[in-house]
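Read off the chains here:
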Amino acid sequence: MSASNFNSVLLDISNKLKAENLEQLKFLVRDHIGKQKLERIKTGHQLFEILTERGQLGQDNADYLCQLLRQVQRDDLSEKLSNWEVQQEDPKYSLSDTERDKLDIATEVIRDNLGRNWRKLGRKLRLGETKLESIATRHPTDLEETAMELLKEWRKIRGPEAQTKELIAALRDCQLNLTADKIQEKLKQKGLSSSD
């Protein structure tokens, strides 16, 4: 996928950042970026440029920025970037817009409700132990981040085959019926079906 596509996603994120979000992001990266450089940053994309120069941001390396966005309570923008990354993994990626919307809703609900059961769900989704271990190492204490990473890996592996109903079935197999019900409820509110 071309770099220009990635840049347009970054520009979109930059445009949606509020001034206070930008100040918070600058505060979070202050140990990595010199004070003078930070003072010159007036927009999100200027900050993203510096992160790119430092090797902390790229088409295949958006995790750090996703994490920063979540820390400043912009989960919506973090997910936008995260989902963009997933969609680039497979040139044949051909999920319908509806299925993508449904998966995004399911991801949000699972992130907020999964907690310590993430390994159990990972096994049901047939992610290998090595992959699960690698996710655990990356996010040893943040369970929400772990759940996001788990689902991102699953979507990478499943590609165009990824389906919300598969997630719901796996949750029910893990006896996580409440979370499965919440997904179905939220899909219903948005006028989407969980069984298509």
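None of these values were measured; they are calculated from a predicted model.

Q: Please clarify how the domain arrangement of the protein should be interpreted in this entry.
A: The accessible area lost on association of the parts is a frequent measure of interface size. Split into domains, the protein comes out as domain 1 (2-87) and domain 2 (97-190). A straight line from the C-alpha centre of domain 1 to that of domain 2 covers 25 Å. Counting residues at the interface gives nine residues for domain 1 and eleven residues for domain 2. At the boundary of domain 1 with domain 2, total buried surface from both sides reaches about 1,000 Å², with 42% on carbon and sulfur atoms. Between R111 and D75 there is a salt bridge whose closest N-O contact spans 3.6 Å. Those elements giving two or more residues to the side of domain 1 that touches domain 2 turn out to be α5 (63-71) and α6 (75-88). Here the side of domain 1 that touches domain 2 takes seven residues from α6, the largest share from any one element. Residue composition of the side of domain 1 that touches domain 2, grouped by class: one nonpolar, three polar and five charged.

Q: Just checking my understanding: could you explain the pattern of salt bridges for this structure?
A: Side chains that carry opposite charge are capable of pairing whenever their charged atoms lie near each other. Taken as a whole, this structure holds 20 salt bridges when the rule is applied. The salt bridge partner of E129 is R123, with a shortest N-O separation of 2.6 Å. Judged by relative accessible area, which is 43%, E129 ranks as partly exposed. For R123, a relative accessible area of 43% corresponds to the partly exposed category. The partner of R172 in a salt bridge is D181, and the shortest N-O contact between them spans 2.7 Å. We classify R172 as partly exposed; its relative accessible area is 28%. Assessed through its relative accessible area of 38%, D181 is described here as partly exposed.

Q: So what exactly am I meant to see when it comes to helix α9 (residues 129-138) here?
A: Structural remark: α-helix, 3.6 residues per turn; residues separated by three or four positions point the same way. Listed in full, the buried residues belonging to α9 are L132, I135 and A136. One side of α9 carries all its buried residues, which in axial view fall inside an arc of 100°. Away from its buried face, by an angle of more than 90 degrees, α9 presents the exposed residues T130 and T137. In the core, the buried residues of α9 are packed alongside α8 (118-124) and α10 (143-158).

Calculation criteria
- Residues numbered from 1 in each chain as written.
- Predicted model: local features only at pLDDT ≥ 70, side-chain atom pairs only at ≥ 80, totals over all residues.
- Heavy atoms only, no water.
- Domains from an automatic or database assignment.
- Contact = heavy atoms within 4.5 Å.
- Buried area = accessible area lost by both parts, 1.4 Å probe.
- Salt bridge = Lys/Arg side-chain N within 4 Å of Asp/Glu carboxyl O.
- Helix = DSSP H or I, 4+ residues; strand = E, 2+ residues; numbered from the N terminus.
- Nonpolar A, V, L, I, M, F, W, Y, C, P; charged D, E, K, R; others polar.
- Buried < 20%, exposed > 50% of the residue type's maximum accessible area, 1.4 Å probe, protein only.
- Arc of directions from axis to C-beta.

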